[in-house]
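If you want the building blocks of each chain, they are given just below.
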Amino acid sequence: MRKIILVSILGVFMMLVFSCKKDDKATTATASFSAKVNGKLWTSTHSLASHQSLGNTSSVAGMGATAAEMITLDFIGSGTGTYKMKDYNMGSVNIGSVDCSTFFSATPEGEIVITQYNAANSKISGTFSFKAEDMSGMVYNITEGKFENVNLVVQ
């Protein structure tokens, strides 16, 4: 009886060991979103992107530890390419007391560069930089912005 139990336990153990697959690091890349706001590095804790087919608009956002911390990039279109900050393409920053956007600027500066737009795998990557203003006209420089492997929802 002891032999049967030991063989059964060994069999179950062997099934568990040999049926497990190792993770493939290439397919489990983690998402990241960061930028410098007036020279100070800011890194998100969560990120998400979406594309609305109706209206052909896309958004990429990085959120911080609280709901009040967020950098948002909005642009018309989808796919890889460079989207200049003008018309409906804009960047916004809400971090601490900073609440600014290219929307408030009379002459918006900056760009969003989409380097990967993979709707089939639901991922988007790129870089960004822009100058944004708050309601009082104070200018904030957003530089070295980068997002990688952010989950993309296409609707």
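From a predicted model like this one, the values you see are computed outputs, not experimental measurements. (Residues numbered from 1 in each chain as written. Predicted model: local features only at pLDDT ≥ 70, side-chain atom pairs only at ≥ 80, totals over all residues. Heavy atoms only, no water.)

(A) Region of the structure containing the pairing of strand β9 (residues 109–118). Examined bridge by bridge, strand β6 (residues 81–84) and β9 share four bridges and lie antiparallel to one another. Within β9, the position partnered with Tyr83 by the bridge is Ile112. In the sheet, β9 pairs with strand β10 (residues 123–133) via nine bridges, with the strands oriented antiparallel. If you follow Ile112 over to β10, its bridge partner there is Phe128. Taking the residues between adjacent antiparallel strands as the criterion, β9 and β10 are bridged by four residues, where Ser122 takes a positive phi near 55°. (Pairing = 2+ DSSP bridges. Helix = DSSP H or I, 4+ residues; strand = E, 2+ residues; numbered from the N terminus.)

(B) Spotlight on the pattern of salt bridges. Within this structure, the stated rule accounts for three salt bridges. As a salt-bridge pair, Lys84 and Glu111 come within 2.8 Å of each other at their nearest N and O atoms. A residue pair is termed long-range when its members are at least 10 positions apart, and Lys84 in strand β6 and Glu111 in strand β9 qualify at 27 residues. (Salt bridge = Lys/Arg side-chain N within 4 Å of Asp/Glu carboxyl O.)

(C) Highlighting the pairing of strand β3 (residues 46–52). Along β3, the buried face is formed by Ser47, Ala49 and His51; none of His46, Leu48, Ser50 and Gln52, which line the opposite face, is buried. As defined by bridge partners, β3 adjoins strand β4 (residues 57–63) across seven bridges and the pair is classed as antiparallel. Across the sheet, the residue bridging to His46 is Met63, located in β4. Taking the residues that link successive antiparallel strands as the turn, the β3-β4 hairpin has four residues, and the phi of Gly55 there is positive, at about 100°. One ladder, built from three bridges, connects β3 with strand β11 (residues 139–154); its direction is parallel. Within β11, the position partnered with Ala49 by the bridge is Leu152. (Buried < 20%, exposed > 50% of the residue type's maximum accessible area, 1.4 Å probe, protein only.)

(D) Focus on the nonpolar core. In this structure, Ile71, Val93, Ile124, Phe128 and Phe147 are the most contacted members of the largest nonpolar core, which totals 27 residues. Ranked by residues supplied to this core, first place goes to β11 with five residues. For Ile71, the residues in contact, after removing those within four places along its chain, are Phe33, Ala35, Val37, Trp42, Val60, Ala61, Gly62, Ser92, Val93, Ile95 and Phe128. (Core = buried A, V, L, I, M, F, W, Y, C linked by side-chain atoms within 4.5 Å. Contact = heavy atoms within 4.5 Å.)

Read these as layout, nothing more, since geometry by itself doesn't imply function.
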